[in-house]
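# Descriptive structure summary
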Amino acid sequence: MTSTEASEPYLDPSLPIEERVSDLLDRMTLEEKIGQLAGSYVGVLDDGPHEVDDVIDEIEEYHVGSVAPFGWGGSPNESAAAAVDAARRLQTHAVEETRLGIPLLFAADAIHGHAYIKESTVFPSNLGAAATWSPDLLERTAEITAAEMRATGAAQNYSPTCDVVRDPRWGRTGETFGESPFLVGKLAASEVRGYQGEELDENSVLATAKHFPAYGAPTRGEDAAPVDVSTHTLRNMLLPPFEAALEAGVGSVMPCYNSIDGEPAHGSHRFLTGLLREELGFDGVVVSDWNGITQLHEEHRTAGGPVEAARQTHFAGLDIGSVAGGNHAKHVQELAERGELSEQLIEDSARRVLRAKFALGLFENPYPDGEAHDLLGAPDHLDTAREVVRKSLTLLQNDGDLLPLESGVDEVFVTGPNADEIVHQNGGWSCNADAGVPGTTIRQGIADAVDEETNVSYESGSGIAEAADVGAAAERAAEADVAVVALGEDWYLHEFGPSAETTGKTGEFPTRGELSLPDAQRELVEAISETGTPIVAVLVSGRPLAVEWLAEEVSSILMAYYPGRVGGEVIAETLFGDAEPGGRLPISIPRSAETLPTYFNHKPHPHPIGADEHPPSYDPLFEFGHGLSYTSLEYESIELAEETIAPNDAVTVRTTVANTGDRHGSEVVQVFGRDEFSSVVTPVRELWAFERLELEPGERATVDLEIDPDELGLFDRSREGRADAGSARITVMDRTFEIDVRPQDR
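The structure contained in this document is the topic of the report that follows.

### Describing the side chain of Arg-386
Within the secondary structure, Arg-386 is located in helix H16 (residues 379-392). If sequence neighbours within four positions are ignored, Arg-386 has contacts with Pro-379, Val-566, Glu-569 and Val-570.

Next up, the structure:
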């Protein structure tokens with residue numbers, strides 16, 4: 001700061017935060033308050049490169065208060081050293097060269113680790129993380145991500161993703177925790193706790209629940225397309241994970257790009273103020289998705305220009321335009337001068353932003369701590385990543401018990417477009433160039449895992465969608481004892497792009513119009529199958545691909561999702577039995593795109609000409625919750641503690657599971673339920689509780705799973721969650737129980 005003494009009350013850390021915020025606001029000009037509502041970036045967007053010096057100019061002229069100098073796809077700062085240098089330069093100017101010395105809030109997209117920094121710990125994609133069904137483990141990964149972010153200077157994470165997938169063709173499916181609102185909510189809440197800790201401080205980051213309120217159900221599965229759903233579906237399927245994140249104390253919320261019921265979320269007072277703030281009680285920071293403000297006039301066409309778009313979004317309830325920059329500050333200033341945005345509204349937003357900055361300790365510790373190089377990808381962080389991969393790998397099929405492979409096998413042939421590609425393995429929202437990205441590919445992991453007597457051969461066999469030397473691959477496969485074929489998708493963002501940075505052109509696989517593997521990969525599998533060599537297919541993919549033909553061609557299928565930096569070594573461990581495939585599907589795998597939508601929690605409906613005339617409403621290739629083990633597990637008892645409850649009572653299910661095999665195994669006890677009769681139509685099955693168990697050979701465990709009364713309820717026209725009087729059905733494995741719900745006392 002240039003003229004402020006350290007004795008000012010807002011700089012006194014012993015004072016309450018609200019007192020410090022009020023003192024600072026009293027000293028700020030309107031222009032300085034508006035600056036807290038404007039964010040900027042370092043990197044390349046549509047308007048060309050935007051460098052550190054450009055952002056310094058925006059800080060000087062427009063008092064910009066938030067910046068994304070790294071941690072996103074367009075930034076050149078991909079190393080820890082470059083990130084720290086950018087953060088220090090920007091923060092030094094904000095703190096030491098401006099009148100009040102207000103620190104910047106640096107934000108990043110770190111949804112599966114601080115993965116846009118090359119040295120970081122890259123965890124499995126969210127869909128893979130969800131396959132662990134382990135909230136505690138995800139809380140630990142979020143703690144690690146927060147530590148690695150703060151080491152580079154970032155203090156806001158655009159995570160967790162609270163979207164519930166309704167169409168797996170959607171290009172952002174891999175960023176989600178799947179199709180169950182209950183599972184998504186539990187995992188999102190765990191990440192909030194991991195990012196923020198018990199409360200925000202200098203060691204935590206501001207979590208951002210996104211993309212509010214309904215990104216996961218776009219028309220046609222097309223990214224950012226309109227969401228045309230009923231209020232019932234919005235309230236009972238899409239909104240609950242956001243409510244779970246809010247209950248966990250999330251400090252920031254990001255709106256979705258979509259329009260819902262004709263209103264773009266970024267410009268909707270109904271959603272951002274009426275629903276989010278007034279009804280759900282959120283008092284934190286609302287930050288725009290990147291071009292969400294611009295889209296109001298350029299694509300949604302609800303605003304006549306950028307100034308009107310700024311008015312719409314701030315009146316709706318937005319606080320920060322994340323990358324809107326100095327131009328956005330000018331637009332808000334113009335609106336304030338014309339009386340179209342009140343100074344009180346601007347001050348309220350600035351207050352929320354400043355409150356977060358004080359809570360994060362940025363006024364006391366604004367700079368990176370200088371330990372980034374040692375902290376990012378630290379050995380204990382990578383050990384946690386290995387644990388996540390082990391518990392996420394999902395064994396979909398294992399005909400003839402081909403897996404685990406024998407350790408003394410003579411020759412293993414490795415092939416496929418994802419066998420030796422670390423960038424594909426990390427998946428989107430990570431560095432997309434091989435140079436300098438550490439990690440172990442599947443090919444390398446297998447080579448490291450086998451005995452000296454075992455030969456590992458390799459041919460690429462195919463590209464993602466382009467043919468390669470299939471003949472050479474078949475010849476190698478014919479000589480091997482087993483073929484490991486790594487198939488799936490490559491690195492992409494949003495609608496499977498940007499095309500300049502992915503392996504295919506727009507409209508080529510991976511694409512919304514195709515959920516099956518492309519011909520090049522199918523031809524590779526079929527050529528190897530003809531040799532008679534047993535095949536293990538490893539699927540490295542963001543989405544649950546429709547692979548019915550693959551299930552007919554190969555013995556074993558291992559779903560790896562995007563397993564991240566250590567994925568190759570853990571996949572190899574699992575193939576050879578040094579680790580167990582511990583994952584369970586957080587999303588259904590459809591038979592084909594033609595059978596969509598395919599989700600387990602669909603609603604019942606009439607059969608006008610008879611049920612026999614209707615193909616099944618839910619007939620996936622692999623069901624939600626599916627996952628095989630290398631050991632045998634037995635449910636010895638399943639009991640219901642109560643058979644009659646009041647509408648606000650919990651229900652306890654007691655289950656004993658035994659490992660009757662000869663090796664370690666894991667199980668996820670899944671409790672499903674449905675209302676037998678209710679005032680509105682409810683799903684045929686919903687996930688109401690779950691518990692992950694780890695069992696040694698001969699070990700048994702008894703767990704009590706409590707079903708919260710909220711899960712027995714629904715959002716109805718009275719705007720209250722409640723359980724309907726009547727009966728509900730609870731199912732665990734093949735056991736079904738009925739409970740009676742007494743009428744509410746009047």
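So that's the structure; there's more coming.
### Points about the pairing of strand S5 (residues 105-108)
The alternating pattern of S5 places Leu-105 and Ala-107 on one face and Phe-106 and Ala-108 on the opposite face, and all of these are buried. When strand S4 (residues 66-68) meets S5, the two strands line up parallel, connected through 2 bridges. Bridge pairing links Ser-66 to Leu-105 in S5. Handedness of the crossover is the feature at issue here: the chain leaves S4, passes through helix H4 (residues 80-96), returns alongside S5, and the resulting connection is right-handed.

### A closer look at the packing of aromatic side chains
All told, the structure shown has 15 aromatic pairs when counted by the stated rule. For the ring pair Tyr-41 and Trp-72, a centre distance of 5.7 Å and an interplane angle of 85° mean the geometry is edge-to-face. Remark: Trp-72 occurs in the loop between S4 and H4 and Tyr-41 occurs in strand S1 (residues 39-41); sequence separation between them is 31 residues. The pair formed by Tyr-41 and Trp-72 is uniform in burial state, with each residue classed as buried. Ring centres of Phe-358 and Phe-363 lie 3.9 Å apart, and the angle between their planes is 10°; on these two criteria the pair is classed as stacked. By the burial criterion, Phe-358 is buried, and Phe-363 matches it. Members of the aromatic cluster, connected to one another through ring pairs, are Trp-133, Phe-182, Phe-600, Phe-624, Phe-672 and Phe-690. Here the guanidinium or amino end of Arg-166 rests over the ring plane of Tyr-599, the centre of that ring lying 3.8 Å away. The lysine or arginine in question, Lys-210, covers the ring of Trp-429, its NZ or CZ lying 5.8 Å from the ring centre.

### Some words on the sheet that holds strand S12 (residues 394-398)
Read from one edge to the other, the open sheet built from 6 strands follows the order S12-S17-S16-S15-S13-S14, with strand pairing classed as mixed. The open sheet has two free edges, formed respectively by S12 and strand S14 (455-459), since each of these has just one partner strand. On average, each strand axis in the sheet is tilted by 20° relative to the strand beside it, whichever way the strands run. With 5 bridges connecting them, strand S13 (residues 411-415) and S14 associate as parallel partners. Each bridged residue has a counterpart across the sheet, and for Phe-413 the counterpart in S14 is Ser-457.

### Some thoughts on the environment of Tyr-562
Assignment of secondary structure puts Tyr-562 in the loop between strand S17 (556-561) and helix H22 (567-575). A relative accessible area of 5% means that Tyr-562 is categorised as buried. When the C-alpha positions of Tyr-562 and Ala-372 are compared, they lie 25 Å apart, and in sequence the two are 190 residues distant. Engagement of the side chain of Tyr-562 in a polar contact is seen with the backbone oxygen of Asp-490, the distance being 2.6 Å.

Conventions used here
- Residues numbered from 1 in each chain as written.
- Predicted model: local features only at pLDDT ≥ 70, side-chain atom pairs only at ≥ 80, totals over all residues.
- Heavy atoms only, no water.
- Helix = DSSP H or I, 4+ residues; strand = E, 2+ residues; numbered from the N terminus.
- Contact = heavy atoms within 4.5 Å.
- Buried < 20%, exposed > 50% of the residue type's maximum accessible area, 1.4 Å probe, protein only.
- Pairing = 2+ DSSP bridges.
- Right-handed = clockwise from strand over helix to strand, strands pointing away.
- Phe/Tyr/Trp six-rings, centres within 6.5 Å; stacked < 30°, edge-to-face > 60°.
- Lys NZ or Arg CZ within 6 Å of the ring centre and 35° of its normal.
- Axes fitted to C-alpha atoms, helices over the stretch in contact; angles between N-to-C directions.
- Polar contact = N/O pair within 3.5 Å; in protein donor to acceptor, adjacent residues only side chain to side chain.

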